[in-house]
Amino acid sequence: AEQKTESREKVYFKLSGIKLPKMDFGLFSKSDPYFQIFRQADTRWIKVYQSEVIKKTLDPRWQPKTLSSSELCNGKTKQPILFKVFDHDTVGKHDQIGEFQISLDEIKQGARFGLKRPWKKKDKNYGHIEFSEFKRYKEASFLDYIRGGMDVQVMFAIDYTGSNRNPT
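Residues numbered from 1 in each chain as written. Predicted model: local features only at pLDDT ≥ 70, side-chain atom pairs only at ≥ 80, totals over all residues. Heavy atoms only, no water.

Caption draft 1: Just the overall build of the protein, in detail. Each helix and strand counted, the protein has 2 helices and 8 strands in total. Each of the three principal axes of the protein carries a C-alpha extent, and together these read 75 × 40 × 35 Å. Looking at the protein as a whole, 39% of its 168 residues are labelled buried. A sequence separation of at least 24 residues applies to 61% of the contacts in the protein between residues at least 6 apart. Counting every atom, the protein has about 11,400 Å² of accessible surface; 51% of that belongs to carbon and sulfur. Averaged over its 31 positive side-chain charges, the protein has a centre that lies 5 Å from the centre of its 22 negative ones. (Helix = DSSP H or I, 4+ residues; strand = E, 2+ residues; numbered from the N terminus. Buried < 20%, exposed > 50% of the residue type's maximum accessible area, 1.4 Å probe, protein only. Contact = heavy atoms within 4.5 Å. Areas by Shrake-Rupley, 256 points an atom, 1.4 Å probe, with all protein chains shown as cover. Lys, Arg positive; Asp, Glu negative; His and termini not counted. Charge placed at Lys NZ, Arg CZ, Asp CG, Glu CD.)

What follows is the structure, given as structure tokens:
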């Protein structure tokens, strides 16, 4: 069993797909890509996030997302994180386009990673994923604001209206 660690570090990212392969059949077909993120826990992978599906494109731009580093890698920034990209199919099983592994420490804004298919023998890229935006930051706590000099003013009020009398 994995012990969960709490971290105030947040990770903001925006992913884009570049030249993903067509996974649907037909002359004008394209893919309906989405991605999933997994963190490693002992010998298995745990899904921590799934993106929205972007319809009919080979160059998707997903919505930005913020996750805590404890969600992504349990605070272990050198531990691998698995990204899998799929083609959404309305009927049947979704097709996996490819995947890559990277640690939080290795990710930088603008970094591109080739999608591999480990179940195939060829060491070929099946499109790329780019971190078009990427930031790591610490989320401030209430005490951080107080230590930084924030003034707190407290006000109390007592309601004497007749609507607050004892119920009979």
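Caption draft 2: Looking closely at the pairing of strand β3 (residues 44-50). The pairing of strand β2 (residues 33-41) with β3 spans 6 bridges and is classified as antiparallel. Counterpart to Arg-39 in the pairing with β3 is Ile-46. (Pairing = 2+ DSSP bridges.)

Caption draft 3: How the structure looks around unusual backbone geometry. At Asp-42, a residue that is not glycine, the phi angle is positive and equals roughly 60°. On the secondary structure map, Asp-42 appears in the loop between β2 and β3. Owing to a relative accessible area of 53%, Asp-42 belongs among the exposed residues under this scheme. Phi at Lys-56 is positive, roughly 50°, even though this residue is not glycine.

Caption draft 4: The arrangement of a nonpolar patch on the surface in detail. Where nonpolar side chains cluster on the molecular surface, the patch consists of Phe-142, Leu-143, Tyr-145, Ile-146, Met-150, Val-152, Val-154 and Phe-156 and spans about 870 Å² of accessible area. Within the secondary structure, Phe-142 is located in helix α2 (residues 142-147). Looking at Phe-142, the relative accessible area reads 54%, which means it is exposed. (Patch = residues over 30% accessible without salt bridge, like charges linked within 9 Å, V, L, I, M, F, W, Y side chains within 5 Å. Salt bridge = Lys/Arg side-chain N within 4 Å of Asp/Glu carboxyl O.)

Caption draft 5: Examining the sheet that holds strand β1 (residues 9-18) more closely. Judged by pairing direction, the sheet is antiparallel, and its 4 strands sit side by side in the order β4-β1-β8-β7 without closing on themselves. Of all the strands in the sheet, the pair left with one neighbour each is β4 (65-68) and β7 (112-114). Going from strand to strand, the sheet's axes swing by 35° on average, the running direction of each strand aside. The pairing of β7 with strand β8 (residues 128-138) spans 3 bridges and is antiparallel. (Axes fitted to C-alpha atoms, helices over the stretch in contact; angles between N-to-C directions.)

Caption draft 6: Broad picture of the nonpolar core. Within the largest apolar cluster, 27 residues are counted, with the highest numbers of intra-cluster contacts made by Phe-13, Ile-37 and Phe-131. When contributions to this core are tallied by element, the ones reaching two or more residues are β1, β2, α1 (69-73), β5 (80-87), β6 (95-103) and β8. (Core = buried A, V, L, I, M, F, W, Y, C linked by side-chain atoms within 4.5 Å.)

Caption draft 7: Highlighting the pairing of β2. Within β2, 8 of the 9 residues are buried, which leaves the element mostly enclosed by the surrounding structure. Sheet analysis places β2 next to β5, joined by 7 bridges and oriented antiparallel. Within the sheet, the bridge partner assigned to Phe-35 lies in β5 and is Val-85. Hairpin connection between β2 and β3: a loop of 2 residues separates the two successive antiparallel strands, and Asp-42 in this loop has a positive phi of roughly 60°.

Caption draft 8: The sheet that holds β3, seen in detail. The antiparallel open sheet is built from 4 strands, whose spatial order is β3-β2-β5-β6. Only two strands of the sheet have a single neighbouring strand rather than two, namely β3 and β6. Adjacent strand axes in the sheet meet at a mean angle of 30° when their direction is disregarded.

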